[in-house]
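Letter by letter, the chains look like this.
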Amino acid sequence: DQVIACPHPRADRAALRELLPSGWELWERRTFELLRQGPPALLQASSGVGLEGLALGVPTIELAFPGETPNYLYLTDRDVTSVSTADELRRAVATARRLDSEARLAIASRARAWVSAAGAEAAEAGAELIREAASEGGALEPVWDAWRPGIPGDLDQPLSRGVA
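Residues numbered from 1 in each chain as written. Predicted model: local features only at pLDDT ≥ 70, side-chain atom pairs only at ≥ 80, totals over all residues. Heavy atoms only, no water.

Let us now look at the overall build of the protein. Scanning the protein from N- to C-terminus turns up six helices and five strands. Across the protein, helices and strands are ordered from the amino to the carboxyl terminus as β-α-β-α-β-α-β-β-α-α-α. When each of the 164 residues of the protein is scored for burial, the buried share is 24%. A fraction of 40% describes how many contacts in the protein between residues 6 or more apart in sequence connect residues 24 or more apart. (Helix = DSSP H or I, 4+ residues; strand = E, 2+ residues; numbered from the N terminus. Buried < 20%, exposed > 50% of the residue type's maximum accessible area, 1.4 Å probe, protein only. Contact = heavy atoms within 4.5 Å.)

One open sheet holds the three strands; their spatial order is S3-S4-S5, and the pairing between them is parallel. In this open sheet, the two edge strands, each paired with only one partner strand, are strand S3 (42-44) and strand S5 (80-83). Ignoring strand direction, the axes of neighbouring strands in this sheet form an average angle of 25°. Sheet analysis places strand S4 (residues 60-63) next to S5, joined by four bridges and oriented parallel. Residue pairing across strands places Ile61 opposite Thr81, the latter belonging to S5. (Pairing = 2+ DSSP bridges. Axes fitted to C-alpha atoms, helices over the stretch in contact; angles between N-to-C directions.)

Take the side chain of Asp77 next. Within the fold, Asp77 resides in the loop between S4 and S5. A distance of 3.0 Å separates a polar atom in the side chain of Asp77 from the backbone nitrogen of Asp79. (Polar contact = N/O pair within 3.5 Å; in protein donor to acceptor, adjacent residues only side chain to side chain.)

In this section: the pattern of salt bridges. One pass over the structure, following the stated rule, counts seven salt bridges. Across the pair Arg131 and Glu124 runs a salt bridge, and its minimum N-O distance is 2.5 Å. (Salt bridge = Lys/Arg side-chain N within 4 Å of Asp/Glu carboxyl O.)

We now examine the environment of Leu43. Locating Leu43 in the fold gives a position in strand S3. Between the C-alpha atom of Leu43 and that of Val3, which follows or precedes it by 40 residues, the distance is 9.9 Å. Leave out the neighbours within four places in its chain, and Leu43 touches Ile61, Leu63, Leu89 and Val93.

The backbone of Ser46 sits at a positive phi, close to 50°, despite the residue not being glycine. For Ser46, the location among the structural elements is in the loop between S3 and helix H3 (49-55).

This part covers helix H5 (residues 101-111). Regarding H5, the residues found buried are Arg104, Ile107, Ala108 and Ala111. The buried residues of H5 occupy an angular sector of 95° when projected down its axis, which confines them to one face. Set apart from the buried face of H5 by more than 90 degrees, the exposed residues are Glu102 and Leu105. Of the surrounding secondary structure, the elements contacted by the buried residues of H5 are H3. Measuring from the side-chain oxygen of the N-cap residue of H5 to the backbone nitrogen of Glu102 gives 3.2 Å; that N-cap residue is Asp100. (Arc of directions from axis to C-beta.)

Let us now look at the confidence of the model for the protein. Of the residues in the protein, 83% reach a pLDDT of 70 or more, and the chain-wide mean stands at 83. Within the model, pLDDT remains below 50 along residues 151-164, and this stretch shows 15 contacts once partners closer than five positions in the same chain are excluded. (pLDDT = per-residue confidence, 0-100.)

Let us now look at helix H4 (residues 86-97). Given a rise of 1.5 Å per residue, twelve residues ought to cover 16 Å, and the 17 Å separating the end C-alpha atoms of H4 matches this to within 8%. All of the buried residues in H4 are Ala92, Val93 and Ala96. Down the axis of H4, the smallest arc covering the buried residues is 95°, so these residues share one side. In H4, the exposed positions that point more than 90 degrees away from the buried face belong to Arg90 and Arg91. Buried residues along H4 sit in contact with S3, S4 and S5. (Expected span 1.5 Å × (residues − 1).)

This is the structure:
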């Protein structure tokens, strides 16, 4: 089967190309653009991209180590299939491929419990939350969500005030 790898925007694409099995495609645009095309399934590991997939009705499969607790509560939802073995993954993908458009619409509908706003509405709600927090006073320090060593300003750099 065809597999399209959608790297994180800050991922090292050259390194990924070397790691990917032959026959796999490396997606060069935003993952959301591919998800809008309705792929048969989204395979991900504890990522917020799963919410995007669910909101678009894409069956979402969580790749997890046995016994691992998901980082996000939505990953325990009935529309997310957690797999820990190759056999489980094959079964989950086969099941996802059999879903019809009505089932996919139901996934998208149920995802609204997790994603209450999208697009410009979500951006404005986020901006309003920041304005409210700032107006309440007190220390409003930024949080640096660093995830990959080797990028200036990321984990290889000392952080101010000892914040990690």
